[in-house]
Structures are given as structure tokens and as C-alpha cells.
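Summary of structural features
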Amino acid sequence: MSGLDGAGGGTGSHPRHALDDVIHAPVRLSIMAALAATDRAEFRFLRDTIEVSDSLLSKHVITLEEAGYVRVEKAFVGKRPRTWLALTDEGRRAFHDYVSVLRRLTEGPPP
């Protein structure tokens, strides 16, 4: 479900039509960017890194998980529950595509 296959909502030729609406929200873009830099991240670390509340992070993670972009793993460390987040292969491709579209938008057409 990448923006390049129509998830961006538009069918025009301008690059903005290829932006993935799932990723485009600022918090979701922040999540995707943070997870793209690592194999996986602990929920609290990600929350603190992108400076959002638990509930806001949870809401956006659910959207990304439903889109197939993020995998959520829950386990206990000792007696404490922990949640780890990671990009799926599809999520990594979608983020790469999204960044490519942003580059096309910001760099303009080739000379």
C-alpha cells in the first residue's frame, strides 16, 4: 500500500499525488523515520524520541500496523511488560518510496 500505487489518493501527474496518506501525518512520518533508522525500538524510547504521549503514539501505531507498515511485538522483561516496534518489509519500502517522492517534490524536475 505505498503511495506510488495510488494510496496517496490522487491520480494526477504531480508528485504530490504519489505521497502515501498513511505516512503523511506528521506523527506517523516521525514514527516511520525513527523506525527506519533501526531494526526495532521499544515503545517508551520511541515515545520519548518523537515527543508524544502514550495514547497518541498508540493511536498512530495502530494505523501503521493496520496498513501493514509496522509490526508490534509484546513480551515481558522480568515482570514488566514491554512493547517493541519495527518496520515490516512493506513498511520499509513504503517509507523509502515516500522519501523518494519528497525528494522529487523538493528538488524539482531534472534539468
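Source: prediction; values computed, not measured. (Residues numbered from 1 in each chain as written. Predicted model: local features only at pLDDT ≥ 70, side-chain atom pairs only at ≥ 80, totals over all residues. Heavy atoms only, no water.)

1. Examining the overall build of the protein chain
Across its full length, the protein chain holds five helices and three strands. A total of 111 residues make up the protein chain; the buried ones form 38% of that total. In the protein chain, the share of contacts with a sequence separation of at least 24, taken over all contacts with a separation of at least 6, comes to 51%. Within the structure as shown, the protein chain displays about 6800 Å² of accessible surface, and the carbon and sulfur contribution to it stands at 54%. (Helix = DSSP H or I, 4+ residues; strand = E, 2+ residues; numbered from the N terminus. Buried < 20%, exposed > 50% of the residue type's maximum accessible area, 1.4 Å probe, protein only. Contact = heavy atoms within 4.5 Å. Areas by Shrake-Rupley, 256 points an atom, 1.4 Å probe, with all protein chains shown as cover.)

2. Considering the packing of helix H2 (residues 26-36) against helix H4 (residues 54-66)
Close contact between H2 and H4 brings their axes to 10 Å; oriented N to C, the two are set at 75°. Here H4 runs roughly perpendicular to H2, going by the angle between their axes. Contact residues: H2 offers Val 27, Arg 28, Ile 31 and Met 32, while H4 offers Leu 56, Leu 57, His 60, Val 61, Thr 63 and Leu 64. (Axes fitted to C-alpha atoms, helices over the stretch in contact; angles between N-to-C directions. Parallel < 35°, antiparallel > 145°, perpendicular 65-115°, else oblique.)

3. Concerning H2
When H2 is considered as a whole, its buried residues turn out to be Val 27, Arg 28, Ile 31, Met 32 and Leu 35. An end-on view of H2 places all buried positions within 135° of arc, on one side of the element. (Arc of directions from axis to C-beta.)

4. Side note on the nonpolar core
If you look at the biggest cluster of nonpolar residues, it comprises 25 residues, and the most contacted ones within it are Ile 31, Met 32, Leu 35, Leu 57, Tyr 69 and Val 70. Contributing elements (two or more residues each) for this core: helix H1 (21-24), H2, helix H3 (43-50), H4, strand S3 (80-87) and helix H5 (89-107). (Core = buried A, V, L, I, M, F, W, Y, C linked by side-chain atoms within 4.5 Å.)

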